[in-house]
Amino acid sequence: LYQYGDPKTGWDLAALPMAGERKPIVVVSAPFEERGGQFSPDGRWLGRITTTGFRLRDLTGTTTYTIPGDSSGVTEAWAWSPDSNRLLLSWHTDGRVSRFDVLDVDTRQSRGVSAAGRTPLAVANDGKVLYWKPDAQTLAVEDLSTGSVRALIPERRSLLRQGEKVHLNSLRLAPDGRHAA
């Protein structure tokens, strides 16, 4: 899935098949500056940034809905749960994230996520949020229903050599949503 510029409609989304003729297939072409397209892990949902927020389309049916955005910034998918039932969304302007929410894609209910002093990385199947705490170089998980936060690994600064860093984009949740790698 990638975005391309069209002189008539602006930014649109296309997919490149992995087999066959490998000719691009237009997925979304609309006058709404469609960007940042992402499939859910199970392939059921297509999410994309629009000028009005973040749009989700159920590719197995006819359901489409928009999560309203902040007029001064961009709303985008940060991470899907492995079972594709929850989506961690971010709201940001000029690269500065103002908030995160976890959205239940079936009920359309969302819950705010506190990111003070930590960076949300993933959302588990049960809705718990995995965080990176850069000041302590640790991973933690928050249960949004209770607000409790617990460390998953001890402080890692003592294990890193001078100049070494943990790269957050390499952390993923296993399909069962219970293990991080």
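Here, the structure is the one placed above.
Residues numbered from 1 in each chain as written. Predicted model: local features only at pLDDT ≥ 70, side-chain atom pairs only at ≥ 80, totals over all residues. Heavy atoms only, no water.

A. How the structure looks around the nonpolar core. With 13 residues, the main nonpolar core has F54, L56, I67, L87 and V105 as its most contacted residues. At the level of elements, β5 (45–50), β6 (53–58), β7 (64–68), β8 (74–80) and β9 (86–93) are the ones that each hand at least two residues to this core. Top contributing element to this core by residue count: β9, with three residues. Residues contacting V105, with those up to four places away along its chain left out, are W45, L56, Y65, W80, S84, N85 and L87. By size, the runner-up hydrophobic cluster in this structure holds nine residues, among which are A79, L88, F100 and V123. (Core = buried A, V, L, I, M, F, W, Y, C linked by side-chain atoms within 4.5 Å. Buried < 20%, exposed > 50% of the residue type's maximum accessible area, 1.4 Å probe, protein only. Helix = DSSP H or I, 4+ residues; strand = E, 2+ residues; numbered from the N terminus. Contact = heavy atoms within 4.5 Å.)

B. Structural context of the pattern of salt bridges. Tallied over the full model, the rule gives four salt bridges. Where D106 meets R44, a salt bridge forms, and the shortest distance between an N and an O atom there is 3.5 Å. Of this pair, D106 sits in the loop between β10 (96–104) and β11 (110–113) while R44 is found in the loop between β4 (35–39) and β5, placing the two residues 62 residues apart along the sequence. On the basis of relative accessible area, R44 is assigned to the partly exposed category, the value being 26%. The salt bridge involving D126 is made with K128; its shortest N-O contact spans 3.8 Å. Taking the relative accessible area as the measure of exposure, D126 reaches 49% and is therefore partly exposed. Using a relative accessible area of 30% as the deciding quantity, one classes K128 as partly exposed. (Salt bridge = Lys/Arg side-chain N within 4 Å of Asp/Glu carboxyl O.)

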